[in-house]
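# Tertiary structure, described
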Amino acid sequence: MPELPEVEVVRAGLEPAVSGATVSSVTVFDERSLRRHAGPSEDFVDRLTGRGIVSAERRGKFLWLPLGASTGPGTEGEGPEALVVHLGMSGQVLLRDRETDDRLTRIRIELDHPFHRQLRLNFVDQRIFGSMAIDRLVQTPDAPSDLVPSQVAHIARDPLDPLFDDRGFLARLARRNTGVKRALLDQTLLSGVGNIYADEALWAARVHYDQPTSTLSRPRAKLLLAEVRLVLAKALGEGGTSFDAQYVNVNGASGYFSHSLNAYGQQGKPCPRCGRPITRVSFMNRGSHFCAFCQRVR
């Protein structure tokens, strides 16, 4: 599942190409990719065609493109809207010229841009767990000037967000009655962190994945939050983590943070810190990777 760095790489690649563009046509090849859209494919096409794109925004693993005002009939008084993109497990948003097709394209959006001319945005998804949808934008309680899609309103800010509340996060973490990795994966507590970066941050902070949050000291919790930020920033700088051709940026290029992993996917290999083997155990229908010597339950 793409996490914050992978989605941010896509957002940053999209922003200069789509900001100021106008949607000239929309083709839906597979309606399953509209599962989060409240309406049939015809509604999606009609509401998106002719709209301008303002920018590219992200919160956690969700990406959206705020849209200009609709000029269609019966739209008077409607609030601001956005094209919401969820990559799911294998979704890709690829920028192409008008002559380039991609296998497994589920939705194609043709764009006219004043500087980049004609572009094609292909939503490619092998497993069809991702989606696109048009959704209304709503205010956020902590910053009313920030607008997010209603589908994203329950998602917490991510640790790289300038408005992320460290003190509030640490207080909520201490009140949880769960293991610390489960807390890190809870997108209502903090967003953008998935299995890979949780394992990496826990390894760096020397915290066992199942350490009860209520027993985590405040200094250790602050250290863990700092390590979460460091690992996300480093992964972002290296273009995200790519294990196969599914995790790519808007030009189809892979990230290379997978070469920097200390714990995730390293089972059986020596811990970079102590030399003992990294262990993998089953966790929430996936796996947790950790050093049993460096990361003990305290």
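To be clear, the structure that these remarks concern was listed above.
In this report, we go over the structure that sits alongside the text. (Residues numbered from 1 in each chain as written. Predicted model: local features only at pLDDT ≥ 70, side-chain atom pairs only at ≥ 80, totals over all residues. Heavy atoms only, no water.)

### Quick word on a positive patch on the surface
Taken together, the side chains of R206, R276, R296 and R298 define a basic patch exposed on the protein surface. Tracing the backbone through its elements, the reader meets R276 in the loop between α6 (218–237) and β10 (278–283). (Patch = residues over 30% accessible without salt bridge, like charges linked within 9 Å, V, L, I, M, F, W, Y side chains within 5 Å. Areas by Shrake-Rupley, 256 points an atom, 1.4 Å probe, with all protein chains shown as cover. Salt bridge = Lys/Arg side-chain N within 4 Å of Asp/Glu carboxyl O. Lys, Arg positive; Asp, Glu negative; His and termini not counted. Charge placed at Lys NZ, Arg CZ, Asp CG, Glu CD. Helix = DSSP H or I, 4+ residues; strand = E, 2+ residues; numbered from the N terminus.)

### Considering the pattern of salt bridges
Per the counting criterion, the structure on display carries 21 salt bridges. For D43, the salt bridge goes to R47, with nearest N and O atoms at 3.0 Å. Of this pair, D43 and R47 both sit in helix α2 (residues 41–48), four residues apart, which is roughly one turn of the helix. Given the relative accessible area of 24%, D43 is considered partly exposed. (Buried < 20%, exposed > 50% of the residue type's maximum accessible area, 1.4 Å probe, protein only.)

### A closer look at the side chain of S288
Turning to its location among the elements, S288 is positioned in strand β11 (residues 286–291). Setting aside residues no more than four positions away along its own chain, S288 makes contact with K181, D199, Y209, T279, R280, V281 and F283. (Contact = heavy atoms within 4.5 Å.)

### Looking at the packing of aromatic side chains
Going through the model one piece at a time under the given rule, you end up with three aromatic pairs. Put simply, the rings of Y209, F283 and F290 pair up and form one aromatic cluster. Above the ring of W203, the side-chain terminus of R273 is found at 4.0 Å from the ring centroid. Here the basic side chain of R276 rests over the ring of F293, its NZ or CZ set 3.7 Å away from the ring centre. (Phe/Tyr/Trp six-rings, centres within 6.5 Å; stacked < 30°, edge-to-face > 60°. Lys NZ or Arg CZ within 6 Å of the ring centre and 35° of its normal.)

### Describing unusual backbone geometry
For R117, which is not a glycine, the phi torsion comes out positive at approximately 65 degrees. In the Ramachandran plot, N285 falls in the positive-phi region, its phi being about 60 degrees despite a non-glycine side chain. Assignment of secondary structure puts N285 in the loop between β10 and β11. Classification of N285 by relative accessible area gives exposed; the value is 87%.

### Some details on the nonpolar core
One broad rule of soluble globular proteins: the nonpolar side chains tend to lie buried together. One finds F169 and L224 to be the most contacted residues of the largest nonpolar core, which totals 31 residues. Sorting the residues of this core by element identifies α3 (166–175), α4 (180–184), α5 (195–205) and α6 as the ones contributing at least two each. For L224, the contacting residues outside a window of four places in its chain are V180, L184, A201, L202, A205 and L216. Membership of the second largest hydrophobic core comes to 29 residues, among which are V10, L65, L95 and I134. (Core = buried A, V, L, I, M, F, W, Y, C linked by side-chain atoms within 4.5 Å.)

### Brief notes about the sheet that holds strand β2 (residues 57–59)
Taken together, the five strands give an open sheet; going across it, the order is β2-β3-β4-β8-β9, and neighbouring strands pair in antiparallel fashion. With one partner strand each, in any of the chains shown, β2 and β9 (143–149) form the two edges of the open sheet. The average angle at which neighbouring strand axes cross in this sheet is 30 degrees, direction not considered. Sheet topology note: the strand β8 (residues 131–140)/β9 ladder contains four bridges and is antiparallel. For V138, the partnering residue across the bridge sits in β9 and is V148. The sheet strands contacting helix α1 (residues 4–18) are β2 and β3 (62–66), and the helix crosses β3 at an angle near 15 degrees. (Pairing = 2+ DSSP bridges. Axes fitted to C-alpha atoms, helices over the stretch in contact; angles between N-to-C directions.)

### Focus: the side chain of R157
Tracing the chain through its elements places R157 in the loop between β9 and α3. Since its relative accessible area comes to 7%, R157 is described here as buried. Of note is the side chain of R157, whose polar atom sits 3.1 Å from the side chain of D146. At a separation of 2.9 Å, a polar atom in the side chain of R157 contacts the side chain of D161. Excluding its chain neighbours within four sequence positions, the residues that come into contact with R157 are R59, T140, D142, A143, D146, L163, F164, L190 and S191. (Polar contact = N/O pair within 3.5 Å; in protein donor to acceptor, adjacent residues only side chain to side chain.)

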